[in-house]
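# Chain and residue survey
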Amino acid sequence: MVRAVRTGKSTGAESIAIRVPFGGTSLLLTIRAERLLAACLMPVLVIGTAAAQAPAPARQAPPRSAATRPAANTGVIQSIQIEGARRIEQGTIRSYLLVRPGDTFDPGRIDRSLKTLYATGLFKDVQLGRVGDTLVVRVVENPIVSRVAYEGNHKLTDDQLRPELQLRPRAVFTPALAEADRVHILAMYAKRGYYDATVEPKIIQEDQNRVDVVFQINDGSAALISKIVVTGNKAFSESRLSEVISSRESRWWRFLSSSDSYDPERLAYDKELLRRFYLKNGYADVQVSDAAAELSPDRKGFFLSFTVHEGERYKIGKVAINVQLRNLTDAELMPNLQLASGDYYDGDAVGRSADAIELAVHNRGYAFVEVKPRITRDEEKHTIDLSFDVGEGPRVYVERIDIVGNTRTEDKVIRREFRLAEGDPFSAEAVRMSKTRLTDLGYFTNVDVATNPGSAPDKAVLLTTIAEKATGELSFGGGYSTDAGALIDIGLSERNLVGTGINASINGVLAQRRSSISASVTNPYFLDRNLIAGGDVFLIQTNFLGTQPYDENRVGFDMRLGYNFNEHLRQVWSYSLVDRQVYNIETGASPFILNESGTTLLSQVSQVITLDYRDSRVNAHSGYILELGTDVAGLGGDTRFLRGNLNGAYYIPLERYLGNPDWGVKLAGSTGYMELLPGGREQIIDRFFLGGDNLRGFLDGGAGPTDVLTGNPLGGRFIWTQTTELRYPLPVSPDLGLSGRAFVDVGSLTEASFRSPSACLATTTLTCQIRQSAAPRVGAGVGVSWQTAFGLINLDLAPFVIKQPGDQTQIFRFGFGTRF
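Everything quoted here is computed from the prediction, not taken from an experiment.

## Here we look at the overall build of the protein
Scanning the protein for helices and strands turns up 14 helices and 36 strands. Burial analysis of the protein (820 residues in total) assigns 40% to the buried set. A separation threshold of at least 6 residues defines the contact pool for the protein, and within that pool the share at least 24 residues apart is 60%. Of the roughly 41,500 Å² of accessible surface on the protein, a fraction of 56% belongs to carbon and sulfur atoms.

Right, dumping it as structure tokens:
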């Protein structure tokens, strides 16, 4: 009960004392007021007295009763008493208070102290009150999370959910955090297309103020894309535009893909893809005004719609380059243009031309370059004039390179692929090359290098965001030949061993008459320097899959050491020591092969120098590569020879003509020659063989010189091959991951005569005769590559061959692999 009494008088003023019950005691609050104010207050306080006898209303958050509110800014806090603290130190609570002993009982500061304590999230309830000259702080602590569990989740695993949520063991529990995590789980399910998922957090009270939090989840069913509609399109059909975007309508064969699941971020990306596609095909005024997704009433599917305003199609008018740098002319940069007058406008080609011009200027020694494309429309003639302004760019330096997303790969593995370092002049071309090198590593599903402002206008921060992927590979290879039947090749490899960038592998081959096992390890940055170091140990037992009438056993090792001269030129040296044994020679085999029986030791030094100007080492579309290799045997061992080979490939993109980057032509060729050194023993197993991988349509080693009587392949000392391959997309959904190719392989193998025919005659009474022809062998056919969730599957069919007597054909060949 609240009591109000008049106390003494003073000149022109009265005092009113209010006694308020508080726990087992009471607070006496004194109000001094003018006589008139005191007279007015008395009726109000009488009403308050009656009201105090009625039941108290429900307490609102933050809960505060009248007893916890100091009523006047009078008195000094002599001490602060903390009650209810069990787990949280009293010093921690005091640190959040805005008053200290010696301060006055300021209601405003005490109220802000109460709100500050609530804001920490550590307490379920807080009360502040005054007992005499003591400020009493009563708290009820929030419980501690003992365990967080998930039940009913199948589409998202515990490991996927756990790092995304705020509630964790030993964290403070609040209902707000539980609700926030519930909403976040629903958002994660929605991103995967499960819009009817439900999540309910269950709180289980434990002793010692602890709780278990269990999220009961019902995955629901995926809301797939039922229909994709494009309106406003005239130049391209809806089916053609549906191939441009990354979203796909739901089909039964897309069970291994997520492209038919609705994703708001993907919808925005699809809108941009449509815009770029039209710009690439000459529609410079195109607008994709709307991209909408509508959820069906049963929440089982989405309808996507895109609205396109195409505008007119433009051709290129005049093309000019305006160079504003000293000692550099426009004509020197004109070859870098990738479009010409009369071509349809291509926004991508404009960007590529600008990049090529910038690279060409950089290569001439200009550190800071800026290329600005400018376009001038002629709406009446539907032409666009292009000019590229080449001038000195702003002097910007790389302040810092930040890397995020590499949970497994070490930072140094990523940093060493950058073509610029902290403190170097910023170069957009160097950033592009760095991104390409990181992508070519094969360690990441996505690489993004963003340029952000630094601490000063002349500084930039490179933010590298990566998404790691499985780099281990469990591979299976298979094939079928007309003579040997089926074979299986099994391999286990890891290209990024424990995140160090080291490549390690072990491979085994099982076939009807073949077996082998090998182990290999390669460090591309040995001692963190520009050195490639590695080695192999192997044991191989084979009969060349039926093309040779003997068994061969090889046991040995090799060591490698290489280095890069620059971005495009590299060289690798190696040493091999191999013990070879030819045995189990079939009765009636060629006299030349009978002479091979026994054991020989190969001690060989090799080198390969490579000039690589391809746009990508993994999936090349343009550029070329040349390789020159030499082998010298004779530093010990039984064989002495000099062998050389030259290989090259040139890639021609057809995207400019056909509008699809999957179209392209590959022209490849190789040649090799072997010369026997004095004192050496000539071995068939050291020669070149033709067929299989280097000439499709023929068995491994199945084309070339043979023994006249037995038909056994004998190999040769001079070989050449040439391949023309057309790569193209198949007329199916790109989401299937299928691509096609048509190829024509041509090759020849000659110079099979032995330098020591007496050796042949010493082993048999038969006449040593060799059938050989320099006439080219030809294999032509088609092939399909299928990129599946289990790995890449290659199928080659070569029914069209031109062969010579004694050649052995192979019509069908395949291989596949899977990654882990």
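## Things to note about the environment of Arg554
Within the fold, Arg554 resides in strand S24 (residues 551-564). On a C-alpha basis, the gap between Arg554 and Asp579 in space is 5.7 Å, while along the polypeptide they are 25 residues apart. With residues near it in sequence (within four places) discarded, Arg554 still touches Phe538, Leu539, Ile540, Val578, Asp579, Arg580 and Ile685.

## Focus: the pattern of salt bridges
Tallied over the entire structure, the rule returns 43 salt bridges. Of the charged contacts, one joins Glu83 and Arg138 as a salt bridge, the two residues approaching to 2.9 Å between their closest N and O atoms. Taken together, the residues Glu83 in strand S4 (residues 79-83) and Arg138 in strand S6 (residues 134-141) connect sequence positions 55 residues apart. According to the relative accessible area criterion, Glu83 is partly exposed, its value standing at 25%. You can call Arg138 partly exposed: its relative accessible area is 31%. A salt bridge links Asp207 to Arg210; the nearest nitrogen and oxygen atoms lie 2.6 Å apart.

## Considerations on the pairing of strand S26 (residues 598-612)
The pairing of strand S25 (residues 569-583) with S26 spans 14 bridges and is classified as antiparallel. The residue of S26 that forms the bridge with Trp573 is Gln607. Looking at chain direction, S26 and strand S27 (residues 623-633) are connected through nine bridges and run antiparallel. Across the sheet, residue Thr610 finds its bridge partner in S27, namely Glu627.

## Considerations on the nonpolar core
Leu241, Tyr262, Leu274, Tyr278, Leu304 and Phe306 are the most contacted members of the largest nonpolar core, which totals 24 residues. For this core, the secondary structure elements donating two or more residues are strand S10 (224-231), helix H6 (238-244), helix H7 (264-280) and strand S12 (301-309). If one sorts the elements of this core by residue count, H7 sits on top with six residues. Excluding residues within four positions of it along the chain, Leu304 makes contact with Ile225, Lys227, Ile228, Val229, Ser247, Tyr262, Leu267, Ala292 and Ala293. In this structure, Ala284, Tyr314, Tyr345 and Val390 belong to the second largest nonpolar core, which totals 23 residues.

## Observations regarding the sheet that holds strand S9 (residues 210-218)
Reading across from one edge, S7-S9-S8 is the order of the three strands in this open sheet, with mixed pairing throughout. Both outer strands of the open sheet, strand S7 (144-151) and strand S8 (198-206), are each paired with one neighbouring strand and no more. Strand after strand, the sheet turns through a mean of 20 degrees between neighbouring axes, direction not considered. Of the strand pairs in this sheet, S7 and S9 are connected by seven bridges, and their pairing is parallel. Each bridged residue has a counterpart across the sheet, and for Ile144 the counterpart in S9 is Arg210.

## Points about the confidence of the model for the protein
On average, residues of the protein carry a pLDDT of 82, and 84% of them reach 70 or more. Across residues 1-71, confidence stays below pLDDT 50; counting only partners more than four residues off in sequence or on other chains, it has 99 contacts. The low-confidence segment residues 480-485, where pLDDT is below 50, has 15 contacts with residues more than four positions distant or belonging to other chains.

## A look at helix H3 (residues 107-119)
Across its 13 residues, H3 extends 18 Å between first and last C-alpha, which sits within 8% of the 18 Å expected from 1.5 Å per residue. Against helix H2 (90-96), strand S5 (123-131) and S6 lie the buried residues of H3. The opening residue of H3 is Asp106, an N-cap whose side-chain oxygen sits 3.1 Å from the backbone nitrogen of Gly108. One or two residues past the end of H3 sits Gly121, with phi positive at roughly 75 degrees.

## Some details on a nonpolar patch on the surface
A cluster of nonpolar side chains, contributed by Leu474, Ile490, Leu492, Ile506, Ile517, Leu539 and Val555, occupies part of the molecular surface with about 520 Å² of accessible area. In this fold, Leu474 is placed in strand S19 (residues 472-481). On the basis of relative accessible area, Leu474 is assigned to the partly exposed category, the value being 31%.

## So, the packing of aromatic side chains
Within the structure shown, the criterion is met by 16 aromatic pairs. An angle of 25 degrees between the planes, with centres 5.5 Å apart, marks the rings of Tyr613 and Tyr624 as stacked. Remark: Tyr624 occurs in strand S27 and Tyr613 occurs in the loop between S26 and S27; sequence separation between them is 11 residues. Grouping aromatic residues by their ring pairs yields a cluster made of Phe236, Phe277, Tyr278 and Tyr283.

## Observations regarding the environment of Asp181
Inspection of the secondary structure puts Asp181 in helix H5 (residues 175-191). With 17 residues separating them in the primary sequence, Asp181 and Glu164 have C-alpha atoms 8.4 Å apart. Every residue in contact with Asp181, bar those within four places of it in the chain, is listed here: Leu165, Gln166, Leu167 and Phe215.

## Remarks on the sheet that holds strand S13 (residues 315-323)
One open sheet accounts for three strands, arranged S13-S15-S14; its pairing is mixed. At either end of the open sheet lies a strand with only one pairing partner, and these are S13 and strand S14 (369-378). Neighbour to neighbour, the strand axes of the sheet diverge by 15 degrees on average, direction disregarded. Pairing geometry for S13 and strand S15 (residues 383-392), over seven bridges, is parallel. Among the inter-strand pairings, Val319 is bridged to a residue of S15, identified as Leu386. On the sheet, helix H9 (residues 347-363) packs against S13, S14 and S15 and is oriented at approximately 150 degrees with respect to S14.

## Section: the side chain of Thr639
One can find Thr639 in the loop between S27 and strand S28 (641-653). In contact with Thr639, other than residues within four places in its own chain, are Arg580, Leu601, Leu602, Ala633, Gly634, Arg681, Gln683 and Asp686.

## Digging into unusual backbone geometry
Phi at Arg170 is positive, roughly 75 degrees, even though this residue is not glycine. Backbone geometry places Gln208, a non-glycine residue, at a positive phi of 60 degrees. Mapped onto the secondary structure, Gln208 falls in the loop between S8 and S9. What makes Gln208 exposed here is its relative accessible area of 68%.

Criteria and cut-off values
Throughout this description, residue numbers start from 1 for each chain and increase along the sequence as written. Under the rules for a predicted model, residues below a pLDDT of 70 receive no local features and side-chain atom pairs below 80 are neither given nor counted, while totals for whole chains, interfaces and linings still include all residues. Side-chain numbers here rest on the full set of heavy atoms in the structure, without hydrogens or water. Secondary structure follows DSSP: runs of H or I at least 4 residues long count as helices, runs of E at least 2 residues long count as strands, and numbering of each begins at the N terminus. Three exposure classes are used, based on accessible area relative to the maximum for each residue type with a 1.4 Å probe and protein chains only: buried under 20%, partly exposed in between, and exposed over 50%. Contacts are residue-level and defined by heavy atoms, with any inter-residue pair within 4.5 Å sufficient. Accessible areas in this description were obtained via Shrake-Rupley with a 1.4 Å probe; residue shielding takes into account the shown protein chains only. The rule for a salt bridge is simple: a side-chain nitrogen of Lys or Arg has to be within 4 Å of a carboxyl oxygen of Asp or Glu. Two strands form a pair only when DSSP identifies at least two bridges running between them. Throughout this description, the term nonpolar core refers to a set of buried Ala, Val, Leu, Ile, Met, Phe, Trp, Tyr and Cys residues connected via side-chain atoms within 4.5 Å. Each axis is a line fitted through C-alpha atoms, taken for helices only over the stretch in contact, and angles between the N-to-C directions span 0 to 180 degrees. The predictor attaches a confidence to each residue, and that confidence, scored 0 to 100, is pLDDT. For a helix, the expected span equals 1.5 Å multiplied by the residue count minus one. A 3.5 Å cut-off defines polar contacts: any pair of N or O atoms within that distance qualifies, except that in protein one atom must be a possible hydrogen donor and the other a possible acceptor, and neighbouring residues in sequence count only when both atoms are side-chain atoms. What makes a patch is a set of residues exposed beyond 30% relative accessible area and free of salt bridges, joined within 9 Å when like-charged and within 5 Å when nonpolar (Val, Leu, Ile, Met, Phe, Trp, Tyr). Stacked, edge-to-face and tilted labels apply to pairs of Phe, Tyr and Trp rings (six-membered ring for Trp) whose centres lie within 6.5 Å, assigned for plane angles under 30 degrees, over 60, and everything in between, in that order.

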